[in-house]
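Here are the chains, one letter per residue:
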Amino acid sequence: MDSLQTIKQRFGIIGNNVVLNRAIEKAIQVAPTDISVLVIGESGVGKEFFPKIIHNQSARKHNAYIAVNCGAIPEGTIDSELFGHEKGAFTGATQARKGYFEVADGGTIFLDEVGELPLSTQIRLLRILESGEFMKVGSSELQKTNVRIVAATNVKLKEAVEKAKFREDLYYRLNTIQIDIPPLRERKEDINLLFRKFASDFANKYRMPHIELSPEAQNYIANYPWPGNIRQLRNFAEQVSVVEKERVISLEKIMELLPHSSTMLTVTNKKDKNSSDFMERELLFKVLLDMKKDLNDLRALTLDLIKHKDNEEFNGSTQELIQRVYQEQDEDEHDFTPSSYNLVPAANAPKPTYQPPQYDYSDDVYDVSPIEEPESLSLQDNEKEMIKLALEKHKGKRKMAADELGISERTLYRKIKQYHL
Ligand SMILES: Nc1ncnc2c1ncn2[C@@H]1O[C@H](COP(=O)(O)OP(=O)(O)OP(=O)(O)O)[C@@H](O)[C@H]1O
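Bear in mind the structure is a predicted one, so any value in this text is a computation, not a measurement.

Calculation criteria
- Residues numbered from 1 in each chain as written.
- Predicted model: local features only at pLDDT ≥ 70, side-chain atom pairs only at ≥ 80, totals over all residues.
- Helix = DSSP H or I, 4+ residues; strand = E, 2+ residues; numbered from the N terminus.
- Buried ≥ 20, exposed ≤ 12 C-beta atoms within 10 Å, placed from the backbone.
- Contact = placed C-beta atoms within 7 Å.
- Expected span 1.5 Å × (residues − 1).
- Arc of directions from axis to C-beta.
- Near = placed C-beta within 6 Å.
- Nonpolar A, V, L, I, M, F, W, Y, C, P; charged D, E, K, R; others polar.
- pLDDT = per-residue confidence, 0-100.
- Axes fitted to C-alpha atoms, helices over the stretch in contact; angles between N-to-C directions.
- Parallel < 35°, antiparallel > 145°, perpendicular 65-115°, else oblique.
- Left-handed = near helix turned anticlockwise from the far one by under 90°.
- Core = buried A, V, L, I, M, F, W, Y, C linked by C-beta atoms within 7 Å.
- Domains from an automatic or database assignment.

**Q** Teacher, can you tell me more about the overall build of the protein chain here?
**A** Tallying secondary structure elements over the protein chain gives 17 helices and 11 strands in all. Evaluated residue by residue, the protein chain yields a buried proportion of 31% over its 421 residues. When contacts within the protein chain are restricted to residue pairs at least 6 apart in sequence, long-range pairs at least 24 apart make up 75% of them.

So, in structure tokens, the structure goes:
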């Protein structure tokens, strides 16, 4: 049994997060047994390392290792892919074919996105797990195989069981041991480490000098939510390495490329559907949100002034703020282009100290109702919209759309099905 460090080195796993380390240790520990393992984690967190570790640390390591993307195989062919078929089993089956379970006899099969398996395939899989028996499509002859199964899912499989989309008996069979992989936002300490590693890999690959992030930019990426996890971080490191001329990347540049409301909360202006410039839209969305916040602050301030108009002390302390707010407004007036919008205060700018007062508006007669939210703040709606836009932009090319969205092709395939796109 190899040590944690040896495994990390062998598989190129970067990071020192305790939960990640514990997950790797668990994989090493269960590897020599034949117990089924279910790996759970969001898309892009590195689930694929785990079945490989388990296979590599088991007695099966000299036999076949097969990874199957259950979400990417059409329903009509999945049984034939997994279990094989006889000649003439269906139109086009001109000869018999071995399935993955036959080929991987003595080895390990990784079933990625196992929640995507159709119910009929789930029954066949359960039988293999219970007795090692299966039948090729179009055959009535039972065959035996000895395969270790490691499955992975980024959907809540338990919920799929509750909705009768996944068999409960299969769920418990697969889930004898569960390994949970934390999302990147819960391993903040690893983010800059990973970025440096990816940046160095891309510098070597493209024969360019290394890029570096300014301390503020490092802080920003460490606090960014990374919905596409490590895959998104890797794509981002590549984009910055290749596109940016400066080798030291400032906070302003990072925020331009990676607005904080990114990916999920994105402008969904229907009129603007044909525009392909995601970055600009994300930036605009941030500008709008910031403007909305400013407006609400101003409303609260105005209300405060009206309420305290006789209080001299208060008047004195807000005088400066009023001046600043209106002065800034004068300077910025009529200029709302993203490039002119000051997303980051200048290094020498005074830190704003004003906190808008909190009110119970119920007694006031003034209209202080909040400004309307953007069209939809539903994550699902926005995700669906983003996927539609990405597919439109790349003329239906899933690989390119998935890259831009920072998700795997399989996840994109699954989401296309989920949203009936
Ligand atoms: N800790 C890590 N160190 C280095 N690279 C990592 C790490 N975690 C993930 N990666 C890299 O991030 C990318 C995404 O990982 P992987 O494909 O394993 O994600 P996943 O969880 O299986 O996602 P999906 O469910 O979408 O298939 C891969 O290129 C992988 O090598």
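**Q** Where do I start with helix α2 (residues 18–30) in this structure?
**A** Residues that lie three or four places apart on an α-helix share one face, since the helix turns once every 3.6 residues. Across its 13 residues, α2 extends 18 Å between first and last C-alpha, which sits within 8% of the 18 Å expected from 1.5 Å per residue. All buried positions along α2 are accounted for by Leu 20, Ala 23, Ile 24, Ala 27 and Val 30. Burial along α2 is one-sided: seen end-on, the buried residues are contained in an arc of 135 degrees. Lining the buried residues of α2 we find α1 (4–11), β1 (37–40), α3 (49–56) and β9 (177–180).

**Q** Got a minute to help me understand the site of the ligand in this structure?
**A** Around the ligand lies a shell of 21 residues, among which Ser 43, Gly 46, Lys 47, Glu 48 and Ser 408 are the nearest. Of all the secondary-structure elements, those providing two or more residues to the shell around the ligand are α11 (229–243) and α17 (409–418). In terms of residue count, the dominant contributor to the shell around the ligand is α11 (3 residues). When the residues that make up the shell around the ligand are grouped by side-chain class, the tally is 6 nonpolar, 9 polar and 6 charged.

**Q** I keep staring at the confidence of the model for the protein chain and nothing clicks. Help me out?
**A** As a general rule, the predicted coordinates of low-pLDDT regions are not to be interpreted in detail. Looking at the protein chain as a whole, its pLDDT mean stands at 80, while 73% of the residues score no less than 70. Across the protein chain, element-level confidence peaks in α3 with a mean pLDDT of 98 and bottoms out in helix α14 (residues 312–332) with 53. Predicted confidence for residues 262–280 stays below pLDDT 50, and this span has 30 contacts to residues more than four positions away or in other chains. Every residue in residues 328–374 scores below 50 in pLDDT, and together they form 30 contacts with partners more than four places removed in sequence or on other chains. Both confidence scores are given for the complex: pTM 0.67, ipTM 0.98.

**Q** Whenever I open this one, the packing of helix α9 (residues 188–205) against helix α10 (residues 215–223) confuses me. Can you help?
**A** When two helices pack together, their arrangement is captured by the angle between the axes and the distance separating the axes. α10 packs onto α9 with a crossing angle of 125 degrees between their chain directions and a minimal axis gap of 8 Å. Regarding the angle of α9 to α10, the classification is oblique. Considering only the axes of α9 and α10, their crossing is right-handed. Contact residues: α9 offers Lys 188, Ile 191, Asn 192 and Phe 195, while α10 offers Gln 218, Ile 221 and Ala 222. A class-by-class count of the residues in the contact of α9 with α10 yields 4 nonpolar, 2 polar and 1 charged.

**Q** Where do I start with the nonpolar core in this structure?
**A** Generally speaking, a soluble globular protein has its nonpolar side chains buried in company with each other. Formed by 64 residues in total, the largest nonpolar core has its most connected members in Ala 27, Val 39 and Leu 233. Viewed by domain, this core spans two of them, domain 1 (4–182) and domain 2 (185–257), each represented by three or more residues. Judged by nonpolar contacts, the second largest core, of 11 residues, contains Leu 391, Leu 405, Ile 407 and Leu 412.

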